[in-house]
Amino acid sequence: SGFLPPLRGIAIGDGLTDPPTQILAKPLSAYHFGLLDEQTYLHAQALAMNASAMANSGYYKIAHQLRGEMENLVKKSSGINVYDVRKFGDYDFADVDNFLNRDETKVALGIPPTATWAT
């Protein structure tokens with residue numbers, strides 16, 4: 001059709017493309033990496049399965065909460081970064097937060113000046 005929307009920028013969160021499926025991989029991966037004992041794995045897997053079911057049923061807020069509980073359990077039990085098992089501890093998002101909260105960045109992305117980016 002030749003229509004080009006007036007898109008000036010795009011931002012992607014953590015990039016989940018299929019959350020109900022992807023969430024199921026974290027506890028299993030952590031267990032097979034030797035980061036979780038069996039009891040903690042089973043607890044994390046139950047949370048992941050419930051989160052997946054909630055997402056598949058359209059209960060996204062509940063799914064998000066359950067996913068957070070699962071990730072916190074894995075993180076607390078192992079000390080790993082839940083986004084990169086090669087690292088321990090949290091990412092430092094200060095540079096990203098500062099960049100995305102700059103006035104010129106908001107203008108370039110067409111974001112209202114009163115909006116605040118938070119990780």
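None of the values given here were measured: they were computed from a predicted structure.

Peer 1: Teacher, can you tell me more about the nonpolar core here?
Peer 2: A general feature of soluble globular proteins is that nonpolar side chains tend to end up buried together. Of all hydrophobic cores here, the largest spans 14 residues; its most connected members are Ile23, Leu36, Ala44, Leu47, Met70 and Val74. By residue number, the principal contributor to this core is helix α3 (residues 38–56), which donates five residues.

Peer 1: Honestly, the packing of aromatic side chains in this entry has me stumped. Any pointers?
Peer 2: The geometry of an aromatic ring pair is captured by the separation of the ring centres together with the interplanar angle, meaning the angle of the planes. A full pass over the atoms with the stated rule returns two aromatic pairs. Aromatic pair Tyr91 and Phe93: ring centres 5.8 Å apart, planes at 80 degrees, arrangement edge-to-face. Accessibility expressed as a relative area gives 34% for Tyr91, which makes it partly exposed. By relative accessible area, Phe93 is classed as partly exposed at 35%.

Peer 1: Help me understand α3, please; the structure alone is not making it clear to me.
Peer 2: In an α-helix, one turn spans 3.6 residues; hence positions three or four apart end up facing the same way. With 19 residues, α3 extends 26 Å from end C-alpha to end C-alpha; this agrees with the ideal 27 Å at 1.5 Å per step. All buried positions along α3 are accounted for by Thr40, Tyr41, Ala44, Gln45, Leu47, Ala48, Ala51, Ser52 and Ala55. Around the axis of α3, the buried residues are gathered within 165 degrees of arc, so they sit on the same side. Of the exposed residues in α3, those oriented more than 90 degrees away from the buried face are Glu38, Gln39 and Met49. Residues of α3 that are buried in the fold lie against α1 (19–22), α2 (25–32) and α4 (60–78). For α3, the N-terminal capping position is held by Asp37, with its side-chain oxygen 3.3 Å away from the main-chain nitrogen of Gln39. Positioned one or two residues after α3, Gly58 has a phi angle of 90 degrees, which is positive.

Peer 1: Could you clarify how one ought to interpret the side chain of Lys106 in this entry?
Peer 2: Tracing the chain through its elements places Lys106 in helix α6 (residues 103–109). Within the buried core, Lys106 has no salt-bridge partner, and the shortest N-O distance to an opposite charge, that of Asp103, equals 4.9 Å. In this structure Lys106 touches Leu100, Asn101, Ile111, Pro112, Pro113 and Ala115, once residues within four positions along its chain are discounted.

Peer 1: Sorry if this is basic, but what is going on with the packing of α2 against α3 here?
Peer 2: Geometrically, a packed helix pair is captured by the angle between its two axes and the distance between the axes. Where α2 meets α3, the axes come as close as 8 Å, and the angle between the chain directions of the two elements is 165 degrees. Of the possible angle classes, the one that applies to α2 and α3 is roughly antiparallel. Once α2 is placed against α3, the crossing between them reads as left-handed. Contacts from Pro27, Leu28 and Tyr31 of α2 reach α3 at Glu38, Tyr41, Ala44, Gln45 and Ala48.

Rules behind the numbers
- In this convention, every chain numbers its residues from 1, walking through the sequence in written order.
- The predicted origin of the model limits local features to residues at a pLDDT of at least 70 and limits the giving and counting of side-chain atom pairs to 80 or more, whereas totals for whole chains, interfaces and linings rest on all residues.
- Side-chain numbers come from the whole structure's heavy atoms, not from hydrogens or water.
- Note on terminology: a nonpolar core comprises buried Ala, Val, Leu, Ile, Met, Phe, Trp, Tyr and Cys residues joined through side-chain atoms within 4.5 Å.
- When accessible area is computed with a 1.4 Å probe and restricted to protein chains, residues below 20% of their type maximum are described as buried, those above 50% as exposed, and intermediate ones as partly exposed.
- Each helix is a run of H or I in the DSSP string that is no shorter than four residues. Each strand is a run of E no shorter than two, and both are numbered from the N terminus.
- Ring geometry is summarised as follows: Phe, Tyr and Trp rings, the Trp one being its six-membered ring, pair when their centres sit within 6.5 Å, and such pairs are stacked at plane angles under 30 degrees, edge-to-face over 60 and tilted between the two.
- By this rule the span expected of a helix is its residue count minus one, scaled by 1.5 Å.
- The directions from the helix axis to the C-beta atoms are what the arc is built from.
- Should any heavy atoms of two residues lie within 4.5 Å, those residues are counted as being in contact.
- Counting of polar contacts relies on pairs of N or O atoms within 3.5 Å, with two restrictions inside protein: one atom must be capable of donating a hydrogen and the other of accepting it, and residues adjacent in sequence are counted only when both atoms are side-chain atoms.
- Only four residue types enter the tally: Lys and Arg on the positive side, Asp and Glu on the negative side; His and the chain ends are excluded.
- The salt bridge criterion pairs a side-chain nitrogen of Lys or Arg with a carboxyl oxygen of Asp or Glu, the two atoms within 4 Å.
- Between N-to-C directions, angles cover 0 to 180 degrees, with each direction set by a line fitted to C-alpha atoms, over the stretch in contact for helices.
- For this classification, under 35 degrees means roughly parallel, over 145 means roughly antiparallel, 65 to 115 means roughly perpendicular, and everything else is oblique.
- For any helix crossing, the convention is left-handed if the near helix is rotated counterclockwise from the far helix by under a right angle, and right-handed if that rotation is clockwise.

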